[in-house]
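Residues per chain are reported as follows:
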Amino acid sequence: MVRGATPGAAPDPLAPAPPAPGSRELAERVAPLIFGHRPRRWWLWPLRLVLLGLLLLALGLWLLRAEARAALARDLERARPTGLLPGAAALELGPGDAPAAALLVHGWATCPADFADLPQRLADCGLRVRAPLLPGHGADPRALQRVSLGEIEAQLQSEYAGLRERHSQVFLVGFSMGAALCLVLEAGLPEEQLPAGLALVAPYFDIARPAWLPIDPARAAAWLEPWLPFVAAGPEFVRLADRSQAGRLVKFEALPLRAVGLLFDLRAKLAGPGLLETCRSPLQMVVSSGDRAADPAAARRAYERLRSPDKQLLEVERSDHHVLLDHDAQAILSFLEARLCPPR
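A. Molecular detail of the nonpolar core. Ranked by internal contacts, the top residues of the largest apolar core, which has 62 residues, are Trp-108, Leu-181, Leu-183, Phe-205, Leu-283 and Met-285. Among the elements that make up this core, the one with the highest residue count is helix α6 (residues 177–187) (eight residues). In contact with Phe-205, other than residues within four places in its own chain, are Leu-183, Arg-267, Leu-270, Leu-276, Met-285, Ala-298, Ala-299 and Ala-302. One finds Phe-115, Leu-127, Leu-333 and Phe-335 within the second-largest nonpolar core, a separate group that totals 27 residues.

Here it is in structure tokens:
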């Protein structure tokens, strides 16, 4: 209504029209219909989204920590009766007076059960077999947080020296991280103490990076560890194509992220100048193209760098990381026995 006009009277056609609303006035009228508040408070929306994201992240970490605590409790309960996870004990098989022996070195966060039927097969063909349990493994995942690469290397040096005193020949057989440890051990030996042969099964030279992880796993573990000390190793961590063999795996259900540092310290040592190039022992390597734990491409590159005077590579396709329990196990056992077992 025009100010001063009589109610009910017809509008005066000569009266000036009210001014059209400006852009600011129009925004003030329309914004409440869209956002429910005035434009001067639009800056709150990004803040609200950030707060929502932080809330969801905190909730996700809380759920992961709860799952990891439950997994750790299960590990401790399984180890309570004997002090070790069932099936995690060190192995010693075969004749004590055998001329040849084999030192078997298992992988990260696992135990000698990694080798499945291989220890008994080697013992049956006349070798003395020793498969120690590495420090920090097989009992309490919290112990693995505290162990250093130097402690593990020192134990293997002692184990190897002990076998050398009692047997004229000693083979080194490593699975996953254990294969990398065997290479480091061999590199530090004088010529007269070299092993009779090296057998590297699904060797670790780098972690196979999942497609969904855009950054280096070492960096991801370092970022997460202060808020997530352990992760629960559920069924998605079982690296077997033949799932019927999953019950034979013996490993921690709670994996300490700090202990991932062992793998990356070892990776850095293997990548150093000259270590692979100075390999002097006869060598066998088994690599699976389906390995989702140890990067098979990194293993092939390392094989090319190894300067062993006599080396053999067996590539399989139907298995995941735990190849000695998987579809290709029999072919791999035959391949290894051809060189490790003494001639009959």
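B. Fine view of the pairing of strand β3 (residues 128–131). Residues Arg-128 and Arg-130 point to one face of β3 and Val-129 and Ala-131 to the other, with burial holding for every one of them. The pairing of strand β1 (residues 91–93) with β3 spans three bridges and is classified as antiparallel. In the sheet register, Leu-91 faces β3, and the bridge partner there is Ala-131. Both strand β2 (residues 100–105) and β3 contribute to a ladder of three bridges, which runs parallel.

C. Seen up close, the pattern of salt bridges. Per the stated rule, a full pass over the model turns up 21 salt bridges. Note that Arg-130 and Glu-92 form a salt bridge whose closest N and O atoms lie 3.5 Å from each other. Remark: Glu-92 occurs in strand β1 and Arg-130 occurs in strand β3; sequence separation between them is 38 residues. Residue Arg-130 is classed as buried on the basis of its relative accessible area, which comes to 19%. Counted as one network, the salt bridges with shared partners bring together Arg-74, Asp-75, Arg-78 and Glu-253.

D. Representation of the packing of aromatic side chains in the model. Under the criterion given, the structure shown has zero aromatic pairs. Over the face of the ring belonging to Tyr-303 we find Lys-311, whose NZ or CZ atom lies 4.4 Å from the ring centre.

E. Spatial organisation of the sheet that holds β2. Taken together, the seven strands give an open sheet; going across it, the order is β1-β3-β2-β4-β5-β8-β9, and neighbouring strands pair in mixed fashion. Each edge of the open sheet carries a strand with a single partner, namely β1 and β9 (311–316). Each adjacent strand pair in this sheet contributes to an overall mean axis angle of 15 degrees, direction not counted. Across four bridges, strand β5 (residues 197–201) lies against strand β8 (residues 283–288) in parallel orientation. Bridged to Leu-198 within β8 is Leu-283.

How each quantity is defined
Residues numbered from 1 in each chain as written. Predicted model: local features only at pLDDT ≥ 70, side-chain atom pairs only at ≥ 80, totals over all residues. Heavy atoms only, no water. Core = buried A, V, L, I, M, F, W, Y, C linked by side-chain atoms within 4.5 Å. Buried < 20%, exposed > 50% of the residue type's maximum accessible area, 1.4 Å probe, protein only. Helix = DSSP H or I, 4+ residues; strand = E, 2+ residues; numbered from the N terminus. Contact = heavy atoms within 4.5 Å. Pairing = 2+ DSSP bridges. Salt bridge = Lys/Arg side-chain N within 4 Å of Asp/Glu carboxyl O. Phe/Tyr/Trp six-rings, centres within 6.5 Å; stacked < 30°, edge-to-face > 60°. Lys NZ or Arg CZ within 6 Å of the ring centre and 35° of its normal. Axes fitted to C-alpha atoms, helices over the stretch in contact; angles between N-to-C directions.

Any functional reading would require information that these geometric values do not contain.
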